[in-house]
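Next come the chains, spelled out residue by residue.
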Amino acid sequence: MFRKASREDRILLLGLPVLVAVIFGGWLAWHAVADLDDIEARTLELSNVAALTWEHLQLVVMCTALVIFTAVPVGILLTRGGGTWLAGPVTFIANMGQAAPVIGVIVLLAVWLGFGTFVAVLSLWVYAFLPVLANTVAGLRNVDRTLIEAARGQSMSPAQVLFRIELPIALPVIMVGARTALVLLVGAGAFATFIDAGGLGTLITTGVSLYRFPILVSGAVLIAALALAVEWCGRVLEVSLTPKGMK
């Protein structure tokens, strides 16, 4: 895997896990010696923090899967024949979704559809859809046309050209969009707590509402560590899935 990675990717692939370990290890060390009151101790109990982290991860994974399984096919359609005229309107709508404050999208959909995980996933999907869509369109449009024509000249069907030529070449660009969406979702997922969808954002809102600084800072630190860990996972997938010689 490391042979296919660029120098920058190698540094990040090795450095990010160390940084995450330092941040999380530092928090654990602080937690072990911190003088916490009853409310802080109960809220920051390791089992509770682990449960909130698991809820946050589930939310991020569900949203990421939904984004990839919708944005990539839409991006493909927008680069095929008669669908190209839709690229402008669809990108405009996706831009509107990302330009709107994520908390506003979550609250508006919650008022309309109700509270819970489903609405949180739907809201975050709207927010993270654009990076993957834009990178899918850009990656496919940047494929060398001579390669496509050569493949057609060898009697490849349109599906074969897409899956054997275009997508493998466009994959590095698509993966950058997916990695961006992953990191966005980790941060934006903190707002899911406002509509009873759980996650590490609960620590931040609890710290703010109860004026407990240790809880507030713990939530921010753990979300940052999780974002870095997810960034590392995204880079690992990007390097692993990129065809040899594409980096």
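Values in this document were obtained by computation on a predicted structure and should not be read as measured data. In every chain, residue numbers begin from 1 and rise along the written sequence. Only residues with pLDDT of at least 70 get local features here, since the model is predicted, and only at 80 or more are side-chain atom pairs given and counted; chain-wide, interface and lining totals rely on the full set of residues. Hydrogens are left out, water is left out, and the side-chain values use all remaining heavy atoms of the structure.

A. Structural view of the pattern of salt bridges. A pair is scored as a salt bridge if a Lys or Arg side-chain nitrogen falls within 4 Å of a carboxyl oxygen belonging to Asp or Glu. For the structure on display, the rule yields five salt bridges. Note that E40 and R212 form a salt bridge whose closest N and O atoms lie 3.9 Å from each other. One end of the pair, E40, is in helix α2 (residues 38–43); the other, R212, is in the loop between α9 (201–209) and α10 (213–241), with 172 residues separating them in the sequence. Through salt bridges with shared partners, a single ionic network connects D37, E40 and R212. Only DSSP runs of H or I with at least four residues qualify as helices, and only runs of E with at least two residues qualify as strands; both kinds are numbered from the N terminus onward.

B. Looking closely at a nonpolar patch on the surface. Judged by side-chain polarity, F24, L28 and L46 come together as a nonpolar surface patch covering roughly 240 Å² of accessible area. With respect to the helices and strands, the residue F24 is situated in helix α1 (residues 7–33). The patch calculation keeps residues exceeding 30% relative accessible area without a salt bridge and links them within 9 Å when they carry like charges or within 5 Å when they are nonpolar (Val, Leu, Ile, Met, Phe, Trp, Tyr). We get accessible surface area from the Shrake-Rupley algorithm with a probe of 1.4 Å; when it comes to residues, only the shown protein chains can shield them.

C. Summary view of the layout of surface pockets. Volume-wise, the largest pocket comes out at about 260 Å³. Among the secondary structure elements, those contributing two or more residues to the lining of the largest pocket are α3 (46–77), α8 (158–188) and α10. Per-element accounting of the lining of the largest pocket gives the leading share, six residues, to α3. Cavity: a set of points on a 1 Å grid over the protein atoms alone where a 1.4 Å probe fits but cannot get out. Pocket: an open set with protein on both sides within 12 Å along at least five of seven lines, its lining residues, like those of a cavity, having an atom within 4 Å of a point. Grid points are joined across faces, edges and corners, and a volume is the space filled by probe spheres set on the points.

D. Main features of unusual backbone geometry. Despite not being glycine, D196 has its phi angle at roughly 60°, a positive value. Locating D196 in the fold gives a position in the loop between α8 and α9. One non-glycine residue, Y211, lies in positive phi territory at about 55°. By the secondary structure assignment, Y211 is in the loop between α9 and α10. Classification of Y211 as exposed rests on a relative accessible area of 74%. The buried label applies to any residue whose accessible area, calculated with a 1.4 Å probe on protein chains only, is under 20% of its type's maximum; exposed applies above 50%, and partly exposed to all values in between.

E. Geometry of the nonpolar core. Among the buried residues, those of types Ala, Val, Leu, Ile, Met, Phe, Trp, Tyr and Cys that are joined through side-chain atoms within 4.5 Å form a nonpolar core. Ranked by size, the top nonpolar core spans 49 residues in total, and within it L124, V186, I195, L200 and L203 carry the most contacts. Of all the secondary structure elements, the ones that give two or more residues to this core are α3, α5 (102–113), α6 (117–141), α8 and α10. It is α6 that contributes the most residues to this core, 11 residues altogether. When residues no more than four places from it in sequence are discounted, the contact partners of L203 are T43, L44, L52, I215, L216, G219 and L222. The contact criterion used is simple: two residues touch if any of their non-hydrogen atoms lie within 4.5 Å.

F. Fine view of the packing of α3 against α6. Two numbers describe how α3 lies on α6: the axes approach to 7 Å, and their chain directions differ by 40°. The orientation of α3 relative to α6 falls into the category oblique. Once α3 is placed against α6, the crossing between them reads as right-handed. Contacts from L59, M62, C63, L66, V67, T70, A71, V72, V74, G75 and I76 in α3 reach T117, A120, V121, L124, W125, A128, F129, V132, L133, T136, V137 and L140 in α6. Polar here means any residue outside two lists: the nonpolar Ala, Val, Leu, Ile, Met, Phe, Trp, Tyr, Cys and Pro, and the charged Asp, Glu, Lys and Arg; Gly therefore counts as polar. Split by residue class, the contact of α3 with α6 holds 19 nonpolar, four polar and no charged. A fitted line through C-alpha atoms represents every axis, and for helices the fit uses only the stretch in contact; the resulting angles, taken between N-to-C directions, go from 0 to 180 degrees. Here the word oblique covers every angle except those under 35 degrees (roughly parallel), over 145 (roughly antiparallel) and from 65 to 115 (roughly perpendicular). For any pair of crossing helices, the crossing counts as left-handed if the nearer helix is rotated counterclockwise from the farther one by less than a right angle, and right-handed if it is rotated clockwise.

G. Expanded view of the packing of α5 against α6. It is the contact of α5 with α6, at a shortest axis distance of 9 Å, that shows an interaxial angle of 140°. In terms of axis orientation, α5 runs oblique to α6. The handedness of the crossing between α5 and α6 comes out as right-handed. The residues of α6 that touch α5, namely those facing V102, V105, I106, L109, A110 and L113, are V119, L122, S123, L124, V126 and Y127. Classifying every residue of the contact of α5 with α6 by side-chain character gives 11 nonpolar, one polar and no charged.

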